[in-house]
There are 2 protein chains.
Amino acid sequence: MSDTGFDAVLGAMADPTRRALLDALAARGQASASALASDLPVSRQAIVKHLAVLEEAGLVSSARAGREVRYTLRSQALDATARWMSALAGDWDRRLDTIKRAAENTENND
Amino acid sequence: MSDTGFDAVLGAMADPTRRALLDALAARGQASASALASDLPVSRQAIVKHLAVLEEAGLVSSARAGREVRYTLRSQALDATARWMSALAGDWDRRLDTIKRAAENTENND
DNA sequence: CTCTTGTGCAACTCTGTGGTTGCAGCTGAG
DNA sequence: CTCAGCTGCAACCACAGAGTTGCACAAGAG
């Protein structure tokens, strides 16, 4: 229940460079690893690795275009994770509320 | 804009042990580090470190109760991050749409 | 055909950090 | 007062992964 790929998204989003990469990709809309490498202060190889992680998490998708590989953002995984987090937050509230009531009851009923 | 503590939340949530810890805390509603240590297969010290990270991210709060420290879940930071992610997903969609239209225009207008 | 450019693979370094153990210091319980 | 339990600090180990460099290969441009 707590693992339909959300952990992959979380792990991917946790890295600053990766978020910057997503930003750069959002700005370009579509770009190759080499192009993105010129936006960030890291080597092309590092970019490639990050893109692999992001693709694994479903945050980007790749498509070969001639001799280069174009990467595109995929919002669905991000959106799904957002919903999951929101639901989790709600769950916490619910549980805490339940426990708080129980505590008050015990306190009163003892 | 992309950094009001969201990165801290992301970083905190990215760790499996930390998520398990949050789960355990959700189940208990409130617990000390020692108590939580009995729920997870790691030492108390590891728990303490994780709790520190979680507190730094605003996901839990601590309160001294006599000789022990009680930790409680804080849903707001999680919820805020969820909203941020959702907004980001929307932003991606918007940008991609814009770029796609531009591309079609160029294609048509050339 | 040749040159250029982008990709893919592999080996390697090094910092961050998750995890451990040990010990000292408080503080409530008896 | 004394004991037990929980916290806090510090040193230390080990692995993951972020980043690099180097080279070989594929494919459009001239």
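Rules and cut-offs
Residues numbered from 1 in each chain as written. Chains lettered and ligands numbered in written order. Predicted model: local features only at pLDDT ≥ 70, side-chain atom pairs only at ≥ 80, totals over all residues. Heavy atoms only, no water. Helix = DSSP H or I, 4+ residues; strand = E, 2+ residues; numbered from the N terminus. Buried < 20%, exposed > 50% of the residue type's maximum accessible area, 1.4 Å probe, protein only. Pairing = 2+ DSSP bridges. Least-squares fit on C-alpha atoms with pLDDT ≥ 70 in both. Contact = heavy atoms within 4.5 Å. Near = heavy atom within 4 Å. Polar contact = N/O pair within 3.5 Å; in protein donor to acceptor, adjacent residues only side chain to side chain. Nonpolar A, V, L, I, M, F, W, Y, C, P; charged D, E, K, R; others polar. Core = buried A, V, L, I, M, F, W, Y, C linked by side-chain atoms within 4.5 Å. Axes fitted to C-alpha atoms, helices over the stretch in contact; angles between N-to-C directions.

Per an unreviewed UniProt entry, chain A is named Winged helix-turn-helix transcriptional regulator, and its organism is Prauserella cavernicola.

(A) Structural context of the environment of T4(A). All names here are of chain A. You can see T4 is positioned in the segment before α1 (6-13). Exposure remark for T4: the relative accessible area of 65% places this residue in the exposed category. Sequence-wise, T4 and A77 are 73 residues apart; in three dimensions their C-alpha atoms are separated by 10 Å.

(B) Representation of the pairing of strand β3 (residues 68-73) of chain B within the structure. Residues and elements named next belong to chain B. Pairing of strand β1 (residues 31-32) with β3 involves two bridges; the strand directions are antiparallel. Paired with S32 across the strands is R70, a residue of β3. Once strand β2 (residues 60-65) ends, the chain turns through two residues before running back antiparallel as β3, passing G66 with a positive phi of about 75°.

(C) Inspection of the relation of the copies chain B and chain A at higher detail. Between chain B and chain A, the superposition needs a rotation of 180° and an axial shift of 0.0 Å, giving an RMSD of 0.1 Å. Such a combination of turn and shift is consistent with a two-fold rotation axis. Scanning chain B for the C-alpha nearest the rotation axis identifies A82(B), at a separation of 2.2 Å. The fraction of interface residues of chain B whose copies in chain A are also interface residues reaches 100%, indicating that both copies meet through the same surface.

(D) Expanded view of the protein's contact with DNA strand C. Lining the immediate environment of DNA strand C, one finds 22 residues, of which S34(A), R44(A), S43(B), K49(B) and H50(B) sit closest. If you look at DNA strand C and keep only atoms within 4 Å of the protein, 48% of those are sugar or phosphate atoms. Take R44(A): an N or O atom from its side chain is 2.5 Å from a base nitrogen of DNA strand C. Between DNA strand C and Q45(A) there is a distance of 2.7 Å, counted from a base nitrogen to a side-chain nitrogen or oxygen. Broken down by secondary-structure element, the contributors of at least two residues to the surface near DNA strand C are α3 (33-37), α4 (44-56) and β2 (68-73) of chain A together with α2 (16-28) and α4 (44-56) of chain B. For the surface near DNA strand C, the element with the most residues is α4(B), which contributes four residues. Taken together, the residues of the surface near DNA strand C sort by class into five nonpolar, eight polar and nine charged.

(E) Inspection of the nonpolar core at higher detail. Within the largest apolar cluster, 64 residues are counted, with the highest numbers of intra-cluster contacts made by M13(A), L59(A), M13(B) and L59(B). The contact partners of L59(B), leaving out residues within four places of it in the chain, are W92(A), V9(B), A12(B), M13(B), L54(B), T72(B), L73(B), R74(B), A77(B) and L78(B).

(F) Representation of the sheet that holds β2(B) in the model. All names here are of chain B. Ordered by their spatial adjacency, three strands build an open sheet running β1-β3-β2, and the pairing between neighbours is antiparallel. Taken across any chain shown, the strands that pair with only one partner, and hence form the sheet edges, are β1 and β2. Sheet strands in contact with α2 are β1, β2 and β3, and its direction is about 95° off that of β3. α4 contacts β2 and β3 of the sheet and is inclined by roughly 120° relative to β2.

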